[in-house]
Amino acid sequence: AVVSTQSTGAFEEFKRERGSEINRIFVENKKTLADKKRQGKELAATVNNTKHKIDERRGVLEEKRAKRISEEGELANDVYDEEEFELLNVLKQLKSDYKEAHSELQCVQSDVSYCQRLVDQARQRLVQEFDTWYAESFLHAGKIKSSVRNAPPTIMSTM
């Protein structure tokens, strides 16, 4: 779409004056959306990092258990040594951290979707209000001026 310089300037004027409240809401919503997206990225990184740690610890535990079972036999399968017990506790805590961060991430993703809808609605309302204002302020005023210019001259009598 081609936007004229006049309508761009008019849009900026509209945002400062008649559309200032809608524009303020739009800007606030955009800021909230950006904050939520940033928070979501941070949480996603935390979730991924925690998952990586879980996989890593699980691998270490499985290797340790397999080695001990091969050395001590099947009876060692039911018993944990101190290091394995510590790894199990670390895994348990990591899984708890993962569940918490993942749950929080889902909430933030829901917030992002909601904020995106608010931004879209505010943008749509701002543009609609501007279109109405622009038509009232410039297009109708232009038609009135041109109809006055094109009207036949009026004769005034001085009787």
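Basis of the calculations
Residues numbered from 1 in each chain as written. Predicted model: local features only at pLDDT ≥ 70, side-chain atom pairs only at ≥ 80, totals over all residues. Heavy atoms only, no water. Helix = DSSP H or I, 4+ residues; strand = E, 2+ residues; numbered from the N terminus. Buried < 20%, exposed > 50% of the residue type's maximum accessible area, 1.4 Å probe, protein only. Contact = heavy atoms within 4.5 Å. Areas by Shrake-Rupley, 256 points an atom, 1.4 Å probe, with all protein chains shown as cover. Expected span 1.5 Å × (residues − 1). Arc of directions from axis to C-beta. Salt bridge = Lys/Arg side-chain N within 4 Å of Asp/Glu carboxyl O. Phe/Tyr/Trp six-rings, centres within 6.5 Å; stacked < 30°, edge-to-face > 60°.

A. Structural view of the overall build of the protein chain. Scanning the protein chain for helices and strands turns up three helices and zero strands. In the protein chain, the order of α-helices and β-strands from amino to carboxyl end is α-α-α. Of all 159 residues assigned to the protein chain, the portion counted as buried reaches 22%. The long-range fraction of contacts in the protein chain, counting pairs at least 24 apart against all pairs at least 6 apart in sequence, stands at 79%. For the protein chain, the accessible surface area stands at approximately 11,900 Å², while carbon and sulfur atoms represent 53% of it.

B. Summary view of helix α1 (residues 5-16). With twelve residues, α1 extends 17 Å from end C-alpha to end C-alpha; this agrees with the ideal 16 Å at 1.5 Å per step. Listed as buried for α1 are S7, A10 and F14. One face of α1 carries all of its buried residues, which in axial projection span an arc of 60°. Facing away from the buried surface of α1 by more than 90 degrees, the exposed residues are T5 and R16.

C. Representation of helix α2 (residues 20-72) within the structure. Between its terminal C-alpha atoms α2 stretches 77 Å, which fits the 78 Å expected from 53 residues at 1.5 Å a residue. A positive backbone phi angle near 95° is found at G73, which sits one or two residues after α2.

D. Geometry of the pattern of salt bridges. Within this structure, the stated rule accounts for 17 salt bridges. Between K64 and D81 there is a salt bridge; the shortest N-O distance is 3.2 Å. Placement of the pair is K64 in helix α2 and D81 in the loop between α2 and α3 (82-150), with a sequence separation of 17 residues. Judged by its relative accessible area of 24%, K64 is partly exposed. The exposure class assigned to D81 is partly exposed, which follows from its relative accessible area of 22%. Between E84 and R65 there is a salt bridge whose closest N-O contact spans 3.5 Å. Separated by 19 residues along the polypeptide, E84 in helix α3 and R65 in helix α2 bring together distant segments of the chain. We note that E84, like R65, is buried.

E. Seen up close, the side chain of N29. For N29, the position within the fold is in helix α2. With sequence-adjacent residues up to four places away left out, N29 is seen in contact with L118, V119 and A122.

F. Looking closely at the packing of aromatic side chains. Counting across every chain of the model gives five aromatic pairs. Both rings, one in F14 and one in F130, keep their centres 5.7 Å apart while their planes meet at 65°; by these two values the pair is edge-to-face. Residue F14 is found in helix α1, and its partner F130 is found in helix α3; the two are separated by 116 residues along the sequence. In this pair, the class of F14 matches that of F130, namely buried. Their ring planes at 45° and their centres at 5.3 Å tell us that F14 and W133 sit as a pair that is tilted. Here F14, found in helix α1, pairs with W133, found in helix α3; they are 119 residues apart in sequence, far enough to count as distant. As far as the burial class goes, F14 and W133 line up, both buried.

Geometric descriptors of this kind do not, in isolation, establish any biological role.
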